[in-house]
Amino acid sequence: MNITVNGKTQSVEESCRTLADLLARPEWAGKLVIVELNGELAGREMYGDIVLNEGDRVELVHFVGGG
């Protein structure tokens, strides 16, 4: 399946069905992020319930600490 993550089209494996699956991938695992799916904010409590579909647009914003 192809989705767009932060403006770049990516092919994701069939096992990557939900936002939680996407965020478990190595590049996002353990990071504090805000998720926008197709222009709508997605609540953290719903990540496991939100199913990704062909052509979805996902924006992931992560926070970096520092001073």
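Residues numbered from 1 in each chain as written. Predicted model: local features only at pLDDT ≥ 70, side-chain atom pairs only at ≥ 80, totals over all residues. Heavy atoms only, no water.

Student: Explanation requested: the overall build of the protein in the structure shown.
Tutor: When helices and strands are tallied, the protein shows 1 helix and 5 strands. In terms of overall dimensions, the protein is globule-like: its C-alpha atoms have a radius of gyration of 12 Å, near the 11 Å expected for 67 residues. Its C-alpha atoms give the protein principal-axis dimensions of about 40 × 25 × 25 Å. In the protein, of all internal contacts separated by at least 6 residues, the share reaching a separation of at least 24 is 53%. Accessible surface, the protein as shown: approximately 4,300 Å² in total, 52% of it carbon and sulfur. A gap of 6 Å separates the mean positions of the 6 positive and 11 negative side-chain charges of the protein. (Helix = DSSP H or I, 4+ residues; strand = E, 2+ residues; numbered from the N terminus. Rg over C-alpha atoms; globule rule 2.2 N^0.38 Å. Contact = heavy atoms within 4.5 Å. Areas by Shrake-Rupley, 256 points an atom, 1.4 Å probe, with all protein chains shown as cover. Lys, Arg positive; Asp, Glu negative; His and termini not counted. Charge placed at Lys NZ, Arg CZ, Asp CG, Glu CD.)

Student: Where do I start with the confidence of the model for the protein in this structure?
Tutor: Detailed reading of the predicted coordinates is not advisable wherever pLDDT is low. Taken over all residues, the pLDDT of the protein has a mean of 93, while the share at 70 or more is 97%. For the protein, per-element mean pLDDT is lowest for strand 5 (residues 57-62), which scores 94, and highest for strand 1 (residues 2-5), which scores 97. (pLDDT = per-residue confidence, 0-100.)

Student: What's the story with the pairing of strand 1 in this structure? I'm lost.
Tutor: A regular strand places its side chains on the two faces of the sheet in alternate fashion. Across the two faces of strand 1 the burial differs, with Ile3 and Val5 buried and Asn2 and Thr4 not buried at all. Both strand 1 and strand 2 (residues 8-11) contribute to a ladder of 4 bridges, which runs antiparallel. In the sheet register, threonine 4 faces strand 2, and the bridge partner there is threonine 9. Here strand 1 folds back onto strand 2 in antiparallel fashion, the turn holding 2 residues, of which asparagine 6 has a positive phi close to 50 degrees. Two elements, strand 1 and strand 5, share 2 bridges in a ladder whose sense is parallel. Looking at strand 5, one finds that threonine 4 is bridged to arginine 57. (Buried < 20%, exposed > 50% of the residue type's maximum accessible area, 1.4 Å probe, protein only. Pairing = 2+ DSSP bridges.)

Student: Would you explain the sheet that holds strand 4 (residues 40-42) in this entry?
Tutor: Remark on secondary structure: sheet strands pair via backbone hydrogen bonds, oriented parallel or antiparallel. Strand order in the open sheet formed by 5 strands is 2-1-5-3-4, with mixed pairing between adjacent strands. One side of each edge strand has no neighbouring strand; the edge strands of this open sheet are strand 2 and strand 4. Looking at each pair of strands side by side, their axes are set apart by 35 degrees on average, direction ignored. As paired elements, strand 3 (residues 33-37) and strand 4 share 3 bridges and run antiparallel to each other. Within strand 4, the position partnered with glutamate 36 by the bridge is leucine 41. (Axes fitted to C-alpha atoms, helices over the stretch in contact; angles between N-to-C directions.)

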